[in-house]
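One letter stands for each residue in the lines below.
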Amino acid sequence: MYATGLFTESFTFGGKEIEAVATSSYLLKYGTDGAEKWGVALTGAATIKTITTDGAGNVYIAGNFADELTFGSTDGNTQVKEGIKMDGTPIADQAAGFVAKYDVNGVLKAVQSFVSKPLPELEATGIYFPEAGDYRFDINNIAYSDGKLYASASYKGLTENNGFSFKGGYFDLDGGGFWYGDLVSGAVFSLNDQLEVDGILANMGVTGGKSTDLSSVQSVSFAVAEGKLYSGFVASGKQTLTIGSKEQAFDLSQENGVTEYGHILSIIDLADGSSSLTKKYSTTHDAYGNYCFIKSMLVKGDVLLLGGTFNAKLAFDQNIDAVSTNDLYVAVLNKNTLDVNNAVASKVNEGDANSKKEEFGGMTVCGDYVYMMVQNQHYILRSNYDRVNKRLTTPYIVCGQPGQADYKDLAGTKARLNKPGQGVFVFNKEYEDANKEDCYDFYFTDRNNHCIRKLTPDGVVSTFAGRGSTGMNVHANGYVDGHLRDEARFNYPYALAYDEDTETFYVGDVNNHRIRKIALEKIPEATEEHPEESQPEEGEQ
């Protein structure tokens, strides 16, 4: 298992010191038994945003960095990359991108940086005065499939790698020649074994490279399955999508203060890089600030699942309106035709449109339903899947209440959470023996409650681990190993993984800067310290 994160103070892992400079990033590997295998630091100001692995045990990481970044390696052969400079001085903004590859033993095998520079056309105007971060390269996702690494990024300015150019657009506001600036473009691309770009599969940018308004790409996402790549862009204004040698222009309306946001999906054949199909779904709004994004794409069986946020009519179903600031959505599409089977939305009014927008925390799919974690509003949504009609049903709150952060082990909307994080489904043999239809419990981190919670198929929430050692002090957080409920303490846990073979949980304990292991063993049914709460069947941490 791998873990990534940020740190500002040096620490020891696997018997070796991991040193920090500024806010550095780390990559740690654990064995299946929870043993610390190896760790490396990306020393300097850096953030790892995405991670994936291949069948050979190599691990790939990507993200952003500033100034100068040293990539650690367990064999001592580090590599240094320089970030973006302005007037010869490194900028503090993490605007340069990177991709790095480590083998199963933590040896750095390859690293590439993506350092943007100003567009020559803008510099030639003589009135282009960029600030730090105005030109940048942001890699937001990587995935490995069939021997190839793929990535998506949004970018501004000009970024070059291995003979390929990512050239952003720019605006000349109202065509007056007095205000120039960069516009966001987006791309999905592939990389070779040395992590050099060896193909730009899909690119979206302002038509002709220049606009008189603020047309831009809002988000870029992708999924890979069965020799196909599915790309998803959200954009506004006059945009051109380039796939292989084919260009397709989109004139997304911007009139009377109302902007059209196109959600443009394509199917790309990875054998030859050609596009077999492109479809556009749109929505419009005049609200200040756009929250219409495709955040996640996932192929499951014969459907393509899209997840994200919106603050108008939903592009994939115009009968669904956002409530309050914005809502979450999941759309189910036919993966071959990109036709929408159906879409569902959270439809929860948080009350304060200025401060309570919903944040997409990811999708978790299990069998016949989907959970959507609404982290900043403290609840979890469930949408059931109708296999006959291939549709998701209207989501409902399975536990928690919007805007009500608290700690209560109860059922459904009477339960209280405080920033639920990542979750995993775990098979429960007792449910199978009882001939229950759903045999999976859902375990999730409850970050600001400093514990791991369990959600049953019936919607009952209980605390699985954490908030013990109550005699130590009045706080719920800390670092204590031991009995799951009587002793164990966490400090803002967020990440969670589960190994079915060993029946072991791994917890990313953020403020303790550790990966914690929970190995399942039988324990007594109850303790005096928590007689009022149901006890987990398993127990030592």
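In the block above lies the structure referred to throughout.
Predicted model, so just to flag it, every value in this text is computed and none were measured.

Asker: What is the right way to read the pairing of strand S42 (residues 440–446) from this model?
Answerer: On any regular strand, side chains alternate: one points to one face of the sheet, the next to the other face. Burial within S42 is extensive, with six of its seven residues counted as buried. In the sheet, strand S41 (residues 420–427) pairs with S42 via six bridges, with the strands oriented antiparallel. Following the sheet pairing, Phe 425 is matched in S42 by Phe 442. Here S42 pairs with strand S43 (residues 451–455) via five bridges, running antiparallel. Each bridged residue has a counterpart across the sheet, and for Phe 444 the counterpart in S43 is Arg 453.

Asker: How should empty space enclosed by the protein be read in this particular structure?
Answerer: Empty space among the atoms becomes visible once a probe the size of a water molecule is rolled across them. On inspection of all chains with the given rule, the structure shows two cavities of 30 Å³ or more. Of the volumes computed, that of the largest cavity is approximately 60 Å³. Lining the largest cavity are Tyr 60, Lys 101, Tyr 144, Gly 147, Lys 148, Leu 149, Leu 191, Asn 192, Asp 193 and Leu 195. Considering only residue class, the lining of the largest cavity consists of five nonpolar, two polar and three charged. Here the second largest cavity defines a volume of roughly 40 Å³. Residue lining of the second largest cavity: Leu 241, Thr 242, Ile 243, Lys 246, Gln 248, Ser 275 and Thr 278, and that is the complete set. In terms of residue count, the dominant contributor to the lining of the second largest cavity is strand S25 (residues 238–243) (three residues).

Asker: Sorry if this is basic, but what is going on with the nonpolar core here?
Answerer: Nonpolar side chains tend toward joint burial in soluble globular proteins. Formed by 28 residues in total, the largest nonpolar core has its most connected members in Leu 42, Ile 61, Phe 71, Phe 98 and Tyr 102. Contributions of two or more residues to this core are made by strand S5 (36–43), strand S6 (46–53), strand S7 (59–65), strand S8 (68–71), strand S12 (96–102) and strand S13 (108–114). Residue contributions to this core peak at four residues, all from S12. If near-sequence neighbours (up to four positions away) are discounted, Ile 61 is found in contact with Leu 27, Leu 42, Ile 48, Thr 50, Ile 51, Phe 98, Val 99, Ala 100, Tyr 102 and Ile 142. One finds Ala 225, Met 297, Ala 315 and Ile 320 within the second-largest nonpolar core, a separate group that totals 25 residues.

Asker: Is there a simple way to explain the packing of aromatic side chains in this structure?
Answerer: The description of an aromatic ring pair rests on the distance of the ring centres and on the angle between the ring planes. As enumerated under the stated definition, the model contains 32 aromatic pairs in all. With centroids separated by 5.5 Å and ring planes inclined at 15°, the aromatic side chains of Tyr 371 and Phe 425 adopt a geometry described as stacked. With Tyr 371 in strand S37 (residues 369–374) and Phe 425 in strand S41, this residue pair connects regions lying 54 residues apart in the sequence. Given the relative accessible area of 1%, Tyr 371 is considered buried.

Asker: Quick question: what am I supposed to make of unusual backbone geometry here?
Answerer: Leaving glycine aside, a negative phi is the common case for residues, and trans is the common case for peptide bonds. Phi is positive for Asp 67, which is not a glycine, with a value near 55°. By the secondary structure assignment, Asp 67 is in the loop between S7 and S8. The phi torsion at Arg 467 lies on the positive side, around 70°, for a residue other than glycine. For Arg 467, the location among the structural elements is in the loop between strand S44 (461–466) and strand S45 (493–499).

Asker: Is there a simple way to explain the sheet that holds strand S31 (residues 303–310) in this structure?
Answerer: The strands making up a sheet are joined through hydrogen bonds of the backbone, oriented either antiparallel or parallel. Strand order in the open sheet formed by four strands is S30-S31-S34-S35, and the pairing between neighbours is antiparallel. With partners counted over all chains shown, the strands left at the sheet margins are strand S30 (293–300) and strand S35 (340–345), one partner each. Taking each pair of neighbouring strands and ignoring which way they run, the sheet shows an average axis angle of 15°. As defined by bridge partners, strand S34 (residues 327–334) adjoins S35 across five bridges and the pair is classed as antiparallel. For Leu 333, the partnering residue across the bridge sits in S35 and is Val 340.

Asker: Help me out: how do you make sense of the side chain of Ser 275 in this one?
Answerer: Position of Ser 275 among the secondary structure elements: in strand S29 (residues 274–285). Note on Ser 275: relative accessible area 18%, which makes it buried. Within polar-contact distance, the side chain of Ser 275 engages the backbone oxygen of Ile 267 at 3.5 Å. Of note is the side chain of Ser 275, whose polar atom sits 3.5 Å from the backbone oxygen of Leu 277.

Asker: Explanation requested: the pattern of salt bridges in the structure shown.
Answerer: Side chains that differ in sign of charge can pair as their charged atoms come close. Summed over the entire model, instances satisfying the criterion amount to 18 salt bridges. For Lys 279, the salt bridge goes to Asp 339, with nearest N and O atoms at 2.1 Å. Of the two residues, Lys 279 sits in strand S29 while Asp 339 sits in the loop between S34 and S35, which places them 60 residues apart along the sequence. For Lys 279, a relative accessible area of 24% translates into the label partly exposed. For Asp 339, a relative accessible area of 34% corresponds to the partly exposed category.

Scoring rules and cut-offs
- Residues numbered from 1 in each chain as written.
- Predicted model: local features only at pLDDT ≥ 70, side-chain atom pairs only at ≥ 80, totals over all residues.
- Heavy atoms only, no water.
- Buried < 20%, exposed > 50% of the residue type's maximum accessible area, 1.4 Å probe, protein only.
- Helix = DSSP H or I, 4+ residues; strand = E, 2+ residues; numbered from the N terminus.
- Pairing = 2+ DSSP bridges.
- 1 Å grid on protein atoms, 1.4 Å probe; cavity = no way out; pocket = protein on both sides within 12 Å on 5 of 7 lines; lining within 4 Å.
- Points joined across faces, edges and corners; volume = space filled by probe spheres on them.
- Nonpolar A, V, L, I, M, F, W, Y, C, P; charged D, E, K, R; others polar.
- Core = buried A, V, L, I, M, F, W, Y, C linked by side-chain atoms within 4.5 Å.
- Contact = heavy atoms within 4.5 Å.
- Phe/Tyr/Trp six-rings, centres within 6.5 Å; stacked < 30°, edge-to-face > 60°.
- Axes fitted to C-alpha atoms, helices over the stretch in contact; angles between N-to-C directions.
- Polar contact = N/O pair within 3.5 Å; in protein donor to acceptor, adjacent residues only side chain to side chain.
- Salt bridge = Lys/Arg side-chain N within 4 Å of Asp/Glu carboxyl O.

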